[in-house]
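Per-entry structural report
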Amino acid sequence: MSSDGAANGDDTVTVTTGEAPTDAAADDEEEGLGRVGWVLVAAVVVAVLVVPGMVYLWPAGGAVFGATYRSAMLVLPMIPAVILGLIAVWSMRDRR
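Report follows, based on the coordinates. These figures come from a predicted structure and were not determined experimentally.

Calculation criteria
- Residues numbered from 1 in each chain as written.
- Predicted model: local features only at pLDDT ≥ 70, side-chain atom pairs only at ≥ 80, totals over all residues.
- Heavy atoms only, no water.
- Helix = DSSP H or I, 4+ residues; strand = E, 2+ residues; numbered from the N terminus.
- Buried < 20%, exposed > 50% of the residue type's maximum accessible area, 1.4 Å probe, protein only.
- Contact = heavy atoms within 4.5 Å.
- Areas by Shrake-Rupley, 256 points an atom, 1.4 Å probe, with all protein chains shown as cover.

It is worth spelling out the overall build of the protein at this point. Scanning the protein for helices and strands turns up 4 helices and 0 strands. Counting from the amino terminus, helix and strand elements in the protein follow one another as α-α-α-α. Per-residue burial over the protein gives 11% buried out of 96 residues. In the protein, once contacts between residues fewer than 6 apart in sequence are set aside, the share between residues at least 24 apart is 53%. Accessible area of the protein: about 8100 Å², with a carbon and sulfur share of 65%.

Take the environment of Leu-40 next. Along the chain, Leu-40 falls in helix 2 (residues 34-65). For Leu-40, a relative accessible area of 42% puts it in the partly exposed group. It is 8.3 Å that separates the C-alpha atoms of Leu-40 and Ala-88, two residues lying 48 residues apart in sequence. When residues no more than four places from it in sequence are discounted, the contact partners of Leu-40 are Leu-84 and Ile-87.

Checked against the element boundaries, Val-75 lands in helix 3 (residues 69-75). Its relative accessible area of 52% is what places Val-75 among the exposed residues. For the pair Val-75 and Val-55, spaced 20 residues apart in sequence, the C-alpha separation works out to 9.6 Å.

Structure below.
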C-alpha cells in the first residue's frame, strides 16, 4: 500500500455528461438559410412578385418593344420557371 492512501492501480476518473460531442461546422450550417436558401428565396420573390408585376404593367411597356399582351402572358411566366429549375439543379449539385 502506498503512503498516500491510494490503491495500486489506475487512478484515472472518467466523467460523462450525457451530451453528444458537437461539431462546430454542423452548427454553422444548421443556423440560417445559407447561400442556397437565400438564392431560393430571391427566386421565389421574383416568381411571385416581380414577374406578375411585369405582366400587369406590360400593356404600358409592351408597346415600346412591339409585343402584345398575349406574348407577355406566354413569355414572362417562363422566366421564373427557368430560374427555379436552374436553382433546383444547382442546389442539389452543391450538396455533399
